[in-house]
Amino acid sequence: MIAKGGVTATSFDEPTEVTDPMEAAIHGPARITVTKAGTLLVTYTQMVGEFASLAIATSKDGKEWTRTVLPANGHVTSPYPCAETPGGAVGRTYITGVYDGRAFVQWSDDDGATWPNGAGREVSGGEGQVAQRPSCIVDGNELWVAYGL
């Protein structure tokens, strides 16, 4: 669910469901950002059976959502979105997460519509010891990812 309210308002508008209400899945924590083009982008973990996948929802108005689930061959958790600022040179939207104990980053060059880089790029190296949710920021032409072991 997402809810919008003015920064000085004393209440929020009616919440909107981001996940697909027809799916029989368990959904993990949702995180939200706004892309360079002004699209709302929400990421969350979607658990079906014993495997977790990365789910991405995009919307121009916060009411109608397009959902994408990236398949996983293992356990993907803790997706965190970050978007390039309006002055950025590349125009990418990024998602970090944990895949089988390793921090990774994936990206989209079309405002979150597709995520063509497969499993993404591993950030952490090592032997799958990432235990804390990674987060990210884009600063000019640099992508920073923070995570805990």
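Only a predicted model underlies this, so the values are computations on that prediction, with no experimental measurement involved. (Residues numbered from 1 in each chain as written. Predicted model: local features only at pLDDT ≥ 70, side-chain atom pairs only at ≥ 80, totals over all residues. Heavy atoms only, no water.)

Undergrad: Any chance you could explain the overall build of the chain here in plain terms?
TA: Tallying secondary structure elements over the chain gives 0 helices and 11 strands in all. For the chain, the sequential pattern of α-helices and β-strands runs β-β-β-β-β-β-β-β-β-β-β. Looking at the chain residue by residue over its 149 residues, the buried ones come to 40%. Taking the intrachain contacts of the chain between residues at least 6 apart in sequence as the baseline, contacts between residues at least 24 apart amount to 36%. Accessible area for the chain stands at about 8500 Å²; split by element, carbon and sulfur atoms hold 52% of it. (Helix = DSSP H or I, 4+ residues; strand = E, 2+ residues; numbered from the N terminus. Buried < 20%, exposed > 50% of the residue type's maximum accessible area, 1.4 Å probe, protein only. Contact = heavy atoms within 4.5 Å. Areas by Shrake-Rupley, 256 points an atom, 1.4 Å probe, with all protein chains shown as cover.)

Undergrad: Would you take a moment to explain unusual backbone geometry for this structure?
TA: Generally, phi is negative for residues other than glycine and the peptide bonds are trans, each holding for most cases. The phi torsion at Asp111 lies on the positive side, around 65°, for a residue other than glycine. For Asp111, the position within the fold is in the loop between strand 8 (102-108) and strand 9 (121-122).

Undergrad: Would you explain the pairing of strand 4 (residues 51-59) in this entry?
TA: For a regular strand, side-chain orientation follows a simple rule: the groups alternate between the two sheet faces. Burial of strand 4 is extensive: 8 of the 9 residues sit out of reach of the surface. With 9 bridges joining them, strand 3 (residues 40-48) and strand 4 adopt antiparallel strand pairing. Residue pairing in the sheet places Leu40 in a bridge with Ser59 of strand 4. As consecutive antiparallel partners, strand 3 and strand 4 are separated by 2 residues, and within that stretch Gly49 has a phi angle of approximately 65°, a positive value. Relative to strand 5 (residues 66-70), strand 4 runs antiparallel, the two sharing 5 bridges. Following the sheet pairing, Ile56 is matched in strand 5 by Thr68. In sequence, strand 4 turns back onto strand 5 through a hairpin of 6 residues, with Gly62 there showing a positive phi of about 80°. (Pairing = 2+ DSSP bridges.)

Undergrad: I'm lost on the state of the cysteines in this one. Help?
TA: Structurally, a disulfide amounts to a covalent bond that connects the sulfur atoms of two cysteines. Evaluated as defined, the whole model comprises 1 disulfide. Residue pairing for Cys82: its cysteine sulfur links by disulfide to Cys136, the two sulfurs lying 2.1 Å apart. Handedness of the Cys82-Cys136 disulfide follows from its S-S torsion of about -115°: it is left-handed. Of this pair, Cys82 sits in strand 6 (residues 76-83) while Cys136 sits in strand 10 (residues 132-139), placing them 54 residues apart in sequence. Note on Cys82: relative accessible area 4%, which makes it buried. For Cys136, a relative accessible area of 4% puts it in the buried group. (Disulfide = S-S within 2.5 Å.)

Undergrad: Mind showing me how you'd approach the nonpolar core here?
TA: The nonpolar side chains of a soluble globular protein tend to be buried, and buried together. Formed by Ile2, Val18, Leu40, Val42, Tyr44, Ala55, Ala57 and Trp65, the largest nonpolar core amounts to 8 residues. If near-sequence neighbours (up to four positions away) are discounted, Tyr44 is found in contact with Val18, Thr19, His27, Gly28, Pro29, Ala30, Ser53, Leu54, Ala55, Ala57, Arg67 and Pro79. (Core = buried A, V, L, I, M, F, W, Y, C linked by side-chain atoms within 4.5 Å.)

Undergrad: Teacher, can you tell me more about the side chain of Thr96 here?
TA: Examined against the element boundaries, Thr96 turns out to sit in strand 7 (residues 93-99). At a separation of 3.2 Å, a polar atom in the side chain of Thr96 contacts the main-chain carbonyl oxygen of Pro134. Contact partners of Thr96, with chain neighbours within four places excluded, come to Ser78, Pro79, Tyr80, Phe104, Val105, Pro134, Ser135, Cys136 and Val145. (Polar contact = N/O pair within 3.5 Å; in protein donor to acceptor, adjacent residues only side chain to side chain.)

As far as function goes, none of this settles anything; it's purely spatial.
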